Structure formats: structure tokens, C-alpha cells
Amino acid sequence: MSECQRVSDLFGELHDDQVDGAIDLYARNHLHDCPGCREDFKWYGFTVQALNQLEKVSPPANFLSQLDTKLQTSSSFFDFFRDFFGGAPRIPLPVGAAALAFIAVMSIALYNHRPDVAPSMATSPGLEQLQPNVTSSGAGMAAADARRLRPKTLATSTGGSLYAMPGRGEFESVASHRFPTIADRIGADNFTVESSSIDNAVESLKRILPQIQGQLIDEKSRLNLGEKVIAVLIPSEAYGHLTTELINHGAVAAGATGPDISQAPAKKEGNNVLLYIRFIHTQ
Amino acid sequence: MFSAFQQETDEDRETVQDCIKGNREAFNVLVEKYYKKIYNLAYRFVGDAEEANDLAQEIFTAAYQNLKKFRGDAKFSTWLFQIATNRGKNRFKYLKRRGYFANRGQTESDDDRESMQKVIPDLSTNPETLLASRQIQKIVQDAINELDPDHKEIVILRDIEGFSYDEIAQMLGLPEGTTKSRLHRARMVVKEKLKKVLS
């Protein structure tokens, strides 16, 4: 390190007169002999003086009133939260954690609870999937449920295959002793609709479904036979309305008429009815 | 030295105790006492009246909200200026990141620049008049604005606000030696800026 550098490092202490005798003498001698350092030290002193003499800037006239308003606002805000939380008794951590867990469990239970499912049926995951919350949900919820409710195979609580939707192919046998058919309650079964334009008839039916809070569960065309089979889930109370509409659209038969759906009569589960409707060309 | 500082009596102690008990009037007394210094410090951090006003308000609001955390280990004024320095430094960093100071430099008029160039200090004569000039004040503030935050805070606390090394060391949580060496480096940077502009 050069002598100039060493002296430059002492500028602060020299300026504040905080250098002891020998070093002070050494630095002063160097400043006397070195014009560059002497000039630099003058500038250093000028700088410190300039900083010390920076004029005091005055706050605006309304500073205190502005601050007072701000403090009042923040005060009431913080007081509210202080009182809110300060008033609560201190809860030990394990108790708090247990309470939190309990609230979480209850929330999940409430979220999953569907009032339209009978307790005995709610234990069956297959059946639970057949129970969209049609009565308590909006159309959006029903649509979401409808998408979720398109299983190819629905299992019973015993684990056996209950039936397959038309999309899979053949309808399979039904454990009717577990699921009372609609005929038990309503006295009717699946429908066959004759129409000169199957597509138009199906579209008409689809338009009716939202009005009665019904859902399209599955749809299958049988091109070789020129027919279409659709499965719909509707509230029981809408059954009369739908059958009227179907008759208006050319329903010619009620009951198990087709070779396939004869194996899959409509079901009544809770408040909802699952119907299979077969559309065939007018003879 | 440090313990001697800690043992120094705090003239604000009783007023602070009243504030903690919920006496708003007592806090107003403290505000009245310190707001000019706090505003000045804020102004030196941000170099703009409006920003300084906002910053000073923020500092007092923060002090009011955190008063219960004040344990009385240091003087109230030290604690208050510690909050002010932290907030000022953060605001300065924030504004610098957003190019606030660069934009201000660009909007400076050419006339101002020319007039500054004409100020050639005669360090041997009439320094007070020279230092009081508007141009020099602005050049010094600009030089401060260009310091990095760690150097800037020490220059403001020591050379502008006049705190002792002990107090600064306590506020910033730095050893006294580090405080002194940082101050020296900061002054040297400002000196070079002034020398460049004025000579």
C-alpha cells in the first residue's frame, strides 16, 4: 500500500481529530509534502462540510393532520383485530390441533353428504355415483355430475357387476332384489319411441331433460338395426311429465319391449329414476 | 462505550409508557418532537418532497403500531430512527429498482446542468456561501442518491442527522469499526462526485 493510500485511509480520523500523536504527525507531514493528497484532503473536508450543512427540509404544513388521520384509521383497524384475537382464550396447541382436525373432518363429511341418498344406499359406492344432487344443485352442478356419472360399469355394494350402460354393449342382468324397479313404485317400465326421424326425437328429448332436472347418462346408436337407445336419470316427480312428452313424440310401448332393455328395467333410487328409452323408426 | 450509551437516560421513557397504555395524546407529543427530523431523514433517503412525506407518515404509523414491542433497551429516539432508517433504505431500494432516480436525472433541464458546471468552488474563501447555494445542495443530494444503500444510510445518520457512532452502530447492528470504515468510503465516493462536477 502506498503512503498516499495509507494517508487517504486516515482522512476520516484526521478530519475528526481522532488520530493519536505519532500517526497524526506522520499524516500531517505527508499532507505537507504531497500536493495531491493535500488537495484531496481539502475536498474531503469540503465534502463533510457540505453534508453537514445540507439545509433542513421542512415537512408540509398539513403533515401532522395527515398523520393524525392515518393513525386514527390504522388505530381502529388494529384495535379491531387486537380485540378480536385478544379476547379469545389461549388454547393449548394439542387442543387447537385436535379442534382443527375435527373441523376439517366435519367439513369433508358435510361436503360429501347428499341428503337425497338413503343411508343404506350411501354405503354403496356404485349407487352413490348414481345419485346426482339434482334437487339441491343448479344446472351446472347437475351437468358436472352427469359427466362424472358415466361409468361403463357400476358396482353394487357386494362388488358384483350391476349392469353395463349401452356404451359397453349389452345390458347385463340386474340384482333387482337390491334395487326395486320403477314398476314397483310407478307401474311402468322402459319405453320404446317410434319416430320417422329418430335424431329429431332424441334431440327433442334432450331439450326436455334440463327442464325436468334430468340428465342424459348414456347414448348408443345401433346402426345395423337403425335404432338408438339412451339412458336418462330423472327425478321421480318428473316421470309423468316425461312420459307425456314421450307419448307426444310417438311412444308406442311402455315396459320391457326391446331384446336388450328387457334385461334392464328402469330403476328407482332415492328420488331419481333411471330410464332406458329406445328409439326406432316408424314401421 | 456501548454500555454507557445503553445506560443513558431516555427522556421519552414516561411518554412512551403512556403511549403503550393507550394514550394517543402521548404519542402526539412524540410526533411533535421528532417529525421534522424524521421528515428530513426521509427526504435525504428519497430526495423528493412527496415521497418523503409518504415515507415519514409510514415511519410514524409503523412506530405507533409496534410501540408495544419497544422494550426500552435503547432510547426511544434510537428505536424510532432505526425504524426510519430501515424503512428509508427499503423505500430507496424500491425506487431505485424502478428507475426513479434515473428518470429524475433525465428530466433535469439543460440550464440547470449548465449552471451547476459554472459553480467552481474556492475552498479557501467563503465556504458557507458556497455550500448554501442551491446548486451545491442539489449536487450533494444527487451524489447521496447515487450511493449504495449501506453507505447512504450511514452518511445520512452521521453527517446529516448527526448521530454518534455508538448510536449508529446500535441502530444498524454494526460494529463501530465497520460503521467508521463505511462512512469513510461513502464520504470518499461523494467527494469524488463533487470533485468531478465542481472542478
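Residues numbered from 1 in each chain as written. Chains lettered and ligands numbered in written order. Predicted model: local features only at pLDDT ≥ 70, side-chain atom pairs only at ≥ 80, totals over all residues. Heavy atoms only, no water.

Visitor: Just to check I follow, could you spell out the overall build of chain A for this structure?
Guide: Broken down by element type, chain A carries 12 helices and eight strands. Total accessible area computed for chain A in this model is approximately 15500 Å², and 57% of it derives from carbon and sulfur atoms. (Helix = DSSP H or I, 4+ residues; strand = E, 2+ residues; numbered from the N terminus. Areas by Shrake-Rupley, 256 points an atom, 1.4 Å probe, with all protein chains shown as cover.)

Visitor: Explain the environment of Glu-146 of chain B here, please?
Guide: Residue and element names in this part refer to chain B. Mapped onto the secondary structure, Glu-146 falls in the loop between helix 9 (134–145) and helix 10 (149–160). Glu-146 sits 45 residues away from Phe-101 along the chain, and the two C-alpha atoms are 8.4 Å apart. If we skip the residues at most four places from it in the chain, Glu-146 touches Lys-96 and Lys-193. (Contact = heavy atoms within 4.5 Å.)

Visitor: What is the right way to read the interface of chain B and chain A from this model?
Guide: A common way to express how large an interface is: the accessible area buried when the components associate. At the interface, 46 residues of chain B touch 37 residues of chain A. Regarding the contact of chain B and chain A, the summed buried area is about 3900 Å², with carbon and sulfur atoms giving 63% of it. On inspection of chain B and its partner chain A, the count reaches four salt bridges. As a salt-bridge pair, Lys-195 of chain B and Asp-40 of chain A come within 2.6 Å of each other at their nearest N and O atoms. Applying the counting criterion to the chain B and chain A interface returns 16 residue pairs in polar contact (both at pLDDT 80 or more). Those elements that provide at least two residues to the side of chain B that touches chain A are helix 3 (24–46), helix 4 (49–65), helix 8 (127–132), helix 9, helix 10 and helix 12 (176–198) of chain B. Per element, the largest residue contribution to the side of chain B that touches chain A is 11 residues, and it comes from helix 3 of chain B. Of the residues assigned to the side of chain B that touches chain A, the class counts are 23 nonpolar, nine polar and 14 charged. (Buried area = accessible area lost by both parts, 1.4 Å probe. Salt bridge = Lys/Arg side-chain N within 4 Å of Asp/Glu carboxyl O. Polar contact = N/O pair within 3.5 Å; in protein donor to acceptor, adjacent residues only side chain to side chain. Nonpolar A, V, L, I, M, F, W, Y, C, P; charged D, E, K, R; others polar.)

Visitor: Would you explain the pattern of salt bridges in this entry?
Guide: Pairs can form between side chains of opposite charge once their charged atoms are near each other. This model, assessed by the stated rule, comprises 25 salt bridges over all chains. With a shortest N-O distance of 4.0 Å, Asp-54 of chain B and Lys-70 of chain A are connected by a salt bridge. A residue pair is termed interchain when its members come from two chains, as with Asp-54 of chain B in helix 4 and Lys-70 of chain A in helix 5 (residues 63–86). Note on Lys-70 of chain A: relative accessible area 32%, which makes it partly exposed. For Glu-203 of chain A, the salt bridge is made with Lys-206 of chain A, and the minimal N-O distance between the two is 3.6 Å. Here Lys-206 of chain A and Glu-203 of chain A lie together in helix 11 (residues 198–211), a separation of three residues that amounts to about one turn. Through salt bridges with shared partners, a single ionic network connects Lys-70 of chain A together with Glu-51, Asp-54, Glu-58, Arg-87 and Arg-91 of chain B. (Buried < 20%, exposed > 50% of the residue type's maximum accessible area, 1.4 Å probe, protein only.)

Visitor: When you look at the environment of Phe-63 of chain A in this model, what are you seeing that I'm missing?
Guide: Take Phe-63 of chain A: it is sitting in helix 5. Given the relative accessible area of 0%, Phe-63 of chain A is considered buried. When near neighbours in sequence (up to four residues on either side) are disregarded, Phe-63 of chain A contacts Tyr-35, Tyr-39, Asn-53, Ala-56, Gln-57 and Phe-60 of chain B.

Visitor: In this structure, what is going on with the side chain of Gln-141 of chain B? I would like to understand it.
Guide: Residues and elements named next belong to chain B. Structurally, Gln-141 can be placed in helix 9. A polar contact of 2.6 Å, which involves the side chain of Gln-141, links it to the side chain of Arg-44. When sequence neighbours within four positions are dropped, the list of residues in contact with Gln-141 reads Tyr-43, Arg-44 and Gly-47.

Visitor: What's the story with the packing of helix 4 (residues 35–52) of chain A against helix 12 of chain B in this structure? I'm lost.
Guide: When two helices pack together, you describe them by how their axes are tilted relative to each other and by the distance separating the axes. Helix 12 of chain B packs onto helix 4 of chain A with a crossing angle of 100° between their chain directions and a minimal axis gap of 9 Å. Relative to helix 12 of chain B, helix 4 of chain A is oriented roughly perpendicular. When helix 4 of chain A is examined against helix 12 of chain B, the residues Asp-40, Trp-43, Tyr-44, Phe-46, Thr-47, Val-48, Ala-50 and Leu-51 of chain A are found in contact with a partner set consisting of His-184, Arg-187, Met-188, Val-190, Lys-191, Glu-192, Leu-194, Lys-195 and Leu-198 of chain B. Residue composition of the contact of helix 4 of chain A with helix 12 of chain B, by class: 10 nonpolar, two polar and five charged. (Axes fitted to C-alpha atoms, helices over the stretch in contact; angles between N-to-C directions. Parallel < 35°, antiparallel > 145°, perpendicular 65-115°, else oblique.)

Visitor: Help me understand the environment of Ile-208 of chain A in this model?
Guide: Residue and element names in this part refer to chain A. For Ile-208, the position within the fold is in helix 11. Overall, Ile-208 belongs to the buried group, its relative accessible area being 8%. A sequence separation of 33 residues divides Ile-208 from His-241, and the C-alpha atoms of the two residues are 9.6 Å apart. Excluding residues within four positions of it along the chain, Ile-208 makes contact with His-241, Leu-242, Glu-245 and His-249.

Visitor: Before we go on, may I ask you to explain the confidence of the model for chain B in this structure?
Guide: All names here are of chain B. Averaged over chain B, the pLDDT score is 83; the fraction of residues at 70 or greater is 81%. Note that residues 1–7 has pLDDT below 50 and, in this model, nine contacts with residues that lie over four places away or in other chains. A low-confidence stretch, residues 109–120 (pLDDT under 50), is modelled with 15 contacts involving residues beyond four sequence positions or located in other chains. The ipTM assigned to the predicted complex is 0.82, against a pTM of 0.54. (pLDDT = per-residue confidence, 0-100.)

Visitor: What am I meant to see in the packing of aromatic side chains here?
Guide: How two aromatic rings sit relative to each other is given by the distance of their centres and the angle of their planes. By the definition in use, this model includes 13 aromatic pairs over all chains. Ring centres of Phe-63 of chain A and Phe-60 of chain B lie 6.4 Å apart, and the angle between their planes is 70°; on these two criteria the pair is classed as edge-to-face. Of this pair, Phe-63 of chain A sits in helix 5 while Phe-60 of chain B sits in helix 4, which puts the two residues in different chains. Neither Phe-63 of chain A nor Phe-60 of chain B differs from the other in exposure class; each is buried. These aromatic residues form a ring-pair network of at least three members: Tyr-34, Phe-70, Phe-76, Trp-79, Phe-81 and Phe-163 of chain B. Above the face of the Phe-163 of chain B ring, Lys-37 of chain B is positioned so that its terminal group lies 5.2 Å from the ring centre. If you follow Lys-180 of chain B out to its NZ or CZ, it ends over the ring of Tyr-165 of chain B, 5.1 Å from the centre. (Phe/Tyr/Trp six-rings, centres within 6.5 Å; stacked < 30°, edge-to-face > 60°. Lys NZ or Arg CZ within 6 Å of the ring centre and 35° of its normal.)

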